[in-house]
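# Fold and geometry: a report
The residues making up each chain are set out below.
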Amino acid sequence: MRVDHLFRNARLATMAGPGLGLVEDGVIATGDGKIVFAGARAEMPAVEPAQETDCEGRWITPGLIDCHTHLVYGGDRAREFELRLEGASYEEIARAGGGIVSTVKATRAATTADLTRETLPRLDALIAEGVTTVEIKSGYGLNTETETRQLVAARGLGKLRDVGVVTTFLGAHALPAEAEGDKDRYIDLVCHEMLPAIAAAGLADAVDAFCEGIAFSTEQTARVFAAAKRHGLPVKLHADQLSNLHGARLAAEHGALSADHLEYTDEDGAARMAAAGTVAVLLPGAFYFIRETKVPPVDLFRKSGTAIALATDSNPGSSPLTSPLITMNMGATLFRLTVEECLAGFTRNAAKALGRADIGTLEAGKRADLAIWSIERPAELVYRIGFNPLHARHRGA
């Protein structure tokens, strides 16, 4: 059998389950951008590779997937970081006109070229740690023109770098100043102008919303979800981050791909997410950065069988983080996730959170998205802090 590329003398963490799917004497053969074979060398059929790579005993995992980021924005919020250190809460800053709204001002003033230039270093940092697919949300425009510009910039990043980009429309992220406090009128704009325009342009793969006291109610969020359904787009939700508005339950009721943050989710919400197949995306960077004290109910997710993913939540205000490796360490140390849960959180479960069945594991038929690591055991990817053992990254065509 002819193949394009043979990766030999490798150890594999296929993530195909159960567990890490470890293979000590492993090989991967690829063709036409997909995995043809991944498994033990002794079980590989005869192949004729056009190219070979001797991995010299290194480990191969699926390429990492960052399934929740706000990577495209203008400016920064370093001053707000100072204010938080001086005692102001995230909620207080938001109510005073800071937070998301301050980034909206900078993003509205930026051109597509500006946004692209500012975002590339952040994206490059993710790529340098083995990321082969990244989700990027809008949500810093809060009007049709700027939300569109954010998503155009996000799509364009996938042409400038060898990385898969999944885009999410997050118009229901915050209330812009011109809405004059009228959340229902703004949700009308999201549902009847912004979302239809973005869907018609093919700029979004999913629709997200922020369901929280400082953002939008469950009723307003449900309206956004109904509009997304009319346009054939799946939904996701920022849920239960600062309080329990039963966002996890709402997400599950609407068949959401994921519900994210979830610090205040209750047992009913976790069970409903499991039944709906909605992934729990945990974001330890935000938990750490805003000095949250309420830990997500990991035991409830385990008990109910809810799939757990991890993501950087890279954003300017509450998680200026561009390291999936540090995120995994945070997931382990702050949330007490296991090594398997952390690695699954950036591979197979992250893929599920994006509705992507073609990535996330090393199996025949999946995209040949690989990360090759100079490590002695997979636990090193979670254990180390500030150390990047990536040897090479390979992405299927």
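Because the structure is predicted, anything quoted here is derived from the model rather than measured.

## A short note on the sheet that holds strand β9 (residues 206-211)
Pairing in this open sheet of 8 strands is parallel, and the strands run β6-β7-β8-β9-β10-β11-β12-β13 from one edge to the other. At either end of the open sheet lies a strand with only one pairing partner, and these are β6 (64-66) and β13 (308-310). Each strand axis lies, on average, 25 degrees off the axis of its neighbour in the sheet, ignoring direction. Two strands pair when backbone bridges link them, and strand β12 (residues 279-282) and β13 are joined in this way by 3 bridges, in the parallel orientation. Bridging from a neighbouring strand, Val281 pairs with Ala309 of β13. In the packing of helix α5 (residues 144-160) onto the sheet, the strands contacted are β7 (131-137) and β8 (164-172), and the crossing angle to β8 comes to about 170 degrees. In this fold helix α12 (residues 324-335) packs onto β6, β7, β12 and β13, with an angle of close to 130 degrees to the strand it touches most, β13.

## Focus on the domain arrangement of the protein
Taken domain by domain, the protein comprises domain 1 (2-62 + 362-395) and domain 2 (64-354). Distance between the C-alpha centres of domain 1 and domain 2: 30 Å. Listed by partner, the interface residues are 25 residues for domain 1 and 23 residues for domain 2. Carbon and sulfur atoms supply 62% of the area buried between domain 1 and domain 2, which totals about 1,900 Å² over both sides. For domain 1, the biggest contributors to the area lost against domain 2 are Val382, Arg393 and Arg395; these three give 35% of the whole. If you look at where domain 1 meets domain 2, you find 1 salt bridge. Across the pair Asp162 and Arg395 runs a salt bridge whose closest N-O atoms are separated by 3.1 Å. Within the residue set of the side of domain 1 that touches domain 2, elements represented by two or more residues are β14 (370-373), α15 (380-383) and β15 (390-394).

## What to know about the pairing of β7
Of all 7 residues making up β7, 7 are buried, and the element is well covered by its neighbours. Relative to β7, β6 runs parallel, the two being bridged by 3 bridges. Paired with Ile65 across the two strands is Thr133, which belongs to β7. As paired elements, β7 and β8 share 5 bridges and run parallel to each other. Among the inter-strand pairings, Glu135 is bridged to a residue of β8, identified as Val166.

## Let's talk about empty space enclosed by the protein
Within this structure, the stated rule accounts for 2 cavities of 30 Å³ or more. Taken as a whole, the second largest cavity holds about 40 Å³ of empty space. If you go around the second largest cavity, the residues you meet are Pro62, Gly63, Ile65, Thr132, Ile359, Gly360, Thr361, Arg367 and Asp369. Along the lines of polarity and charge, the residues of the lining of the second largest cavity split into 3 nonpolar, 4 polar and 2 charged.

## Examining the nonpolar core
Ranked by size, the top nonpolar core spans 84 residues in total, and within it Phe169, Leu262, Leu282 and Met328 carry the most contacts. With 7 residues, the top contributor of residues to this core is helix α6 (residues 183-200). Not counting the four nearest positions on each side in its chain, Met328 is found in contact with Leu64, Leu310, Cys342, Leu343, Phe346, Leu381 and Val382. Formed by 14 residues, the second largest nonpolar core is a distinct cluster that contains Val279, Ala309, Ala351 and Leu354.

## A word on the UniProt feature "binding site: Zn(2+)" (unreviewed entry) in the protein
When the UniProt feature table is mapped to this numbering, "binding site: Zn(2+)" (unreviewed entry) covers His68, His70, His238 and Asp313. The annotated residues occupy 246 residues of the chain but converge on a single region, no pair of C-alpha atoms lying more than 12.2 Å apart. Within the secondary structure, His238 is located in strand β10 (residues 236-239). Filtering out sequence-adjacent residues up to four positions away, His238 remains in contact with His68, His70, Lys137, Leu170, Asp208, Ala209, Phe210, Cys211, Asp260 and His261. One polar contact links His238 to His70, side chain to side chain, over a distance of 3.3 Å. As for its position among the elements, Asp313 is in the loop between β13 and α12. Under the relative-accessibility criterion, Asp313 is labelled buried at 1%. Ignoring any residue separated from it by four or fewer positions in sequence, one finds Asp313 in contact with His68, Thr69, His70, His261, Leu283, Ala286, Ser318 and Ser319.

## Notes on the pattern of salt bridges
Counted according to the given criterion, the structure contains 28 salt bridges. Arg302 serves as the salt-bridge partner of Asp299, at 3.1 Å between the closest nitrogen and oxygen. In this pair, Asp299 and Arg302 are both assigned in helix α11 (residues 298-304), 3 residues apart and thus about one turn of the helix distant. We note a salt bridge from Glu363 to Lys366, for which the minimum N-O separation is 3.4 Å. With relative accessibility at 16%, the residue Lys366 sits in the buried group. A network of salt bridges, in which partner residues are shared, links Arg8, Glu52 and Asp54.

Parameters and conventions
- Residues numbered from 1 in each chain as written.
- Predicted model: local features only at pLDDT ≥ 70, side-chain atom pairs only at ≥ 80, totals over all residues.
- Heavy atoms only, no water.
- Pairing = 2+ DSSP bridges.
- Helix = DSSP H or I, 4+ residues; strand = E, 2+ residues; numbered from the N terminus.
- Axes fitted to C-alpha atoms, helices over the stretch in contact; angles between N-to-C directions.
- Contact = heavy atoms within 4.5 Å.
- Domains from an automatic or database assignment.
- Buried area = accessible area lost by both parts, 1.4 Å probe.
- Salt bridge = Lys/Arg side-chain N within 4 Å of Asp/Glu carboxyl O.
- Buried < 20%, exposed > 50% of the residue type's maximum accessible area, 1.4 Å probe, protein only.
- 1 Å grid on protein atoms, 1.4 Å probe; cavity = no way out; pocket = protein on both sides within 12 Å on 5 of 7 lines; lining within 4 Å.
- Points joined across faces, edges and corners; volume = space filled by probe spheres on them.
- Nonpolar A, V, L, I, M, F, W, Y, C, P; charged D, E, K, R; others polar.
- Core = buried A, V, L, I, M, F, W, Y, C linked by side-chain atoms within 4.5 Å.
- UniProt positions renumbered as here; feature names shortened; annotations may be inferred.
- Polar contact = N/O pair within 3.5 Å; in protein donor to acceptor, adjacent residues only side chain to side chain.

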